[in-house]
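# Secondary and tertiary structure notes
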Amino acid sequence: MKHKDDCLRQCVARVTKIPPRRVPHFVGKYKDRWFRHLGTWLGRRGWFVVLCNATDTIAYIPKSAPHIEIGPTSRGKRKRRHAVVCKGPLPVYTGGRPLLKTERYLFLFRERRQ
């Protein structure tokens, strides 16, 4: 079931290939504590998560690497943010709302099994 402010949940599902119904609604449920809960939840499933500000991050993002970008949209309220999935610089899932600019990058890494 899709909820208001559901974009992060949808993006996490697409990057991790976990069905959306099994991904918690982090922003709706935890508000400002969403990142801590996302990290704990992903960690239990063998994933690492890194959140970076776009203004002070210099990174090379391979074209094949899916990641989540967060920022304002033209349809959103001033304080609200939207999440989209990108591969390299190109959006591959926007939920119908492209970003005006990227403010944060959210990288999800799968733990290597040995």
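Scroll up for the structure.
Residues numbered from 1 in each chain as written. Predicted model: local features only at pLDDT ≥ 70, side-chain atom pairs only at ≥ 80, totals over all residues. Heavy atoms only, no water.

## Quick word on the state of the cysteines
As a reminder, the rule being used: Note on disulfides: each one is a pair of cysteine sulfur atoms within 2.5 Å. Whether a residue is buried, partly exposed or exposed follows from its accessible area with a 1.4 Å probe, protein chains only, as a fraction of its type maximum: under 20%, in between, or over 50%, in that order.
Applying the stated criterion to the full structure yields zero disulfides. Cys7 forms no disulfide, and the closest cysteine sulfur to it belongs to Cys11, at a distance of 6.1 Å. A residue is classified by how much of its surface remains accessible, and Cys7, at 15% relative accessible area, is buried.

## Examining the packing of aromatic side chains
The geometry of an aromatic ring pair is captured by the separation of the ring centres together with the interplanar angle, meaning the angle of the planes. Here is the rule: Only the six-membered ring of Trp is used, alongside the rings of Phe and Tyr, when aromatic pairs are assigned; centres must lie within 6.5 Å, and planes under 30 degrees apart are stacked while those over 60 apart are edge-to-face, with the rest tilted.
In total, this model carries five aromatic pairs according to the counting rule given. Judged by centre distance (5.9 Å) and plane angle (20°), the rings of Tyr105 and Phe107 are stacked. Accessibility expressed as a relative area gives 14% for Phe107, which makes it buried.

## Comments concerning a positive patch on the surface
Here is the rule: What goes into a patch is any residue over 30% in relative accessible area without a salt bridge, connected to like charges within 9 Å or, for nonpolar side chains (Val, Leu, Ile, Met, Phe, Trp, Tyr), within 5 Å. Here the Shrake-Rupley method, with its probe set to 1.4 Å, supplies the accessible areas, and only the displayed protein chains count as covering residues. When a carboxyl oxygen of Asp or Glu is within 4 Å of a side-chain nitrogen of Lys or Arg, the pair counts as a salt bridge. Under the counting rule used here, the positive set is Lys and Arg, the negative set is Asp and Glu, and His together with the chain ends is not counted. Every charge is mapped onto a representative atom, which is NZ of Lys, CZ of Arg, CG of Asp or CD of Glu. Numbering of helices and strands starts at the N terminus; helices are DSSP runs of H or I of at least 4 residues and strands are runs of E of at least 2.
Together, Arg21, Arg22, Arg44 and Arg45 give the surface a local cluster of positive charge. Within the element layout of this structure, Arg44 appears in the loop between α3 (34-43) and β1 (47-53).

## Some points on a nonpolar patch on the surface
A cluster of nonpolar side chains, namely Phe48, Val50 and Phe109, defines an oily patch on the protein surface of about 280 Å² accessible area. Along the chain, Phe109 falls in strand β5 (residues 104-110). With a relative accessible area of 44%, Phe109 lands in the partly exposed category.

## A few points about the pairing of strand β3 (residues 82-87)
As a reminder, the rule being used: Paired strands are those between which DSSP finds at least two bridges.
With five of its six residues buried, β3 lies for the most part within the structure. Pairing of β3 with strand β4 (residues 90-93), which is carried by three bridges, proceeds in the antiparallel orientation. Opposite Val85, over in β4, you have Tyr93 as the bridge partner. Between β3 and β4, which pair antiparallel in sequence order, lie two residues; one of them, Gly88, sits at a positive phi of approximately 60°.

## A look at the side chain of Glu69
Inclusion rule: Side-chain atoms alone can form a polar contact between residues adjacent in sequence; in general such a contact is a pair of N or O atoms within 3.5 Å, and within protein one must be able to donate a hydrogen while the other accepts it. Note on definitions: a residue-residue contact is assigned when non-hydrogen atoms from the two residues lie within 4.5 Å.
In this fold, Glu69 is placed in strand β2 (residues 66-71). Of the side chains bearing the opposite charge, Lys101 lies closest to the buried Glu69, which forms no salt bridge; the N-O distance is 12 Å. At a separation of 2.9 Å, a polar atom in the side chain of Glu69 contacts the side chain of His67. At 2.5 Å, the side chain of Glu69 forms a polar contact with the side chain of Thr102. If near-sequence neighbours (up to four positions away) are discounted, Glu69 is found in contact with His82, Ala83, Val84, Cys86, Gly88, Leu99, Thr102, Arg104 and Tyr105.

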